[in-house]
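Architecture at a glance
Spelled out from the first residue to the last, the chains are:
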Amino acid sequence: MFSILLTTTVVGNETTISKENLFDFLHSKQYLKTNFTQTTLADLNERVVSGNIQASRSGNFKIEYLDPIKETISADKEFLYKLDIELEQLDIVPREEYFKNTPISILISNIENLKKLYSINSCIQENNKTVCSLSTKDDNSFVERIFLQFSATELDSLTYLDSFGQSVNFDFDDISWEPFSENQLFISIPEGIDVVYH
């Protein structure tokens, strides 16, 4: 039995991303490791931060913001961890359904949940680029639209528009889909950090 069935359009040896196979393609990528530059636009103001992310379709992930803020956000099956080096504080919050309607779910959800959470509006190809537009199925989600841009089958960026009038873009660099130990997703707590349970 095939573990993953892809309905694909093949050009040479390359898979072409399409509306019909986007969820299958994402699900076939069980791990993600990449650097990113996050650009947030709101009321003509721009804020740029950089960092890296590791994510697994087990639902676990870790995001490290490096510049200009130093903050790490991590999640396992039970809790969300937020380490703020400047505040010298680690917040621990029950995970519950916290990420269900946030863009990180694109990177950590299995195919069944992807189909429950999102509708694919379109995938438009031009030259070597493909831009896919998705909408959330939950009317209460703060995310209004998500755009995934690919060069061939490489994920270049994720952009979302929210109900607060913000546009948030993640440009990815040095992306890898190779498996890694999920122990890398745990936060190492420096000495002197206050731990706060919520």
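Residues numbered from 1 in each chain as written. Predicted model: local features only at pLDDT ≥ 70, side-chain atom pairs only at ≥ 80, totals over all residues. Heavy atoms only, no water.

Examining the state of the cysteines
- In this structure the tally under the stated criterion is 1 disulfide.
- Here cysteine 123 pairs with cysteine 132 through a disulfide, and the sulfurs are 2.1 Å apart. For the disulfide bridge between cysteine 123 and cysteine 132, the dihedral angle about the S-S bond is near 110°, and by the sign convention the bridge is right-handed.
- Judged by relative accessible area, cysteine 132 falls into the buried class, the value being 0%. (Disulfide = S-S within 2.5 Å. Buried < 20%, exposed > 50% of the residue type's maximum accessible area, 1.4 Å probe, protein only.)

Things to note about the packing of aromatic side chains
- Across all of its chains, the model carries 7 aromatic pairs by this definition.
- Look at phenylalanine 36 and phenylalanine 170: their rings are 5.5 Å apart centre to centre, the planes differ by 70°, and that puts the pair in the edge-to-face class. Taken as a pair, phenylalanine 36 in strand β3 (residues 31-42) and phenylalanine 170 in strand β13 (residues 167-176) lie far apart in primary sequence, 134 residues in all.
- Overall, the relative accessible area of 3% leaves phenylalanine 36 in the buried class. (Phe/Tyr/Trp six-rings, centres within 6.5 Å; stacked < 30°, edge-to-face > 60°. Helix = DSSP H or I, 4+ residues; strand = E, 2+ residues; numbered from the N terminus.)

Considerations on the side chain of asparagine 169
- Examined against the element boundaries, asparagine 169 turns out to sit in strand β13.
- Classification of asparagine 169 as buried rests on a relative accessible area of 16%.
- Here the side chain of asparagine 169 touches aspartate 171 through a polar contact of 3.0 Å, side chain to side chain. (Polar contact = N/O pair within 3.5 Å; in protein donor to acceptor, adjacent residues only side chain to side chain.)

Details of unusual backbone geometry
- Cis peptide bonds are those with omega within 30 degrees of zero, and the linkage from aspartate 67 to proline 68 qualifies with 5°.
- The topology assignment puts proline 68 in the loop between β5 (61-67) and β6 (71-75).
- Of note in this structure, aspartate 43 is not a glycine but carries a positive phi near 50°.
- Tracing the backbone shows aspartate 43 in the loop between β3 and β4 (45-56).
- Of note, asparagine 127 is a non-glycine position whose phi angle comes to about 55°, a positive value.

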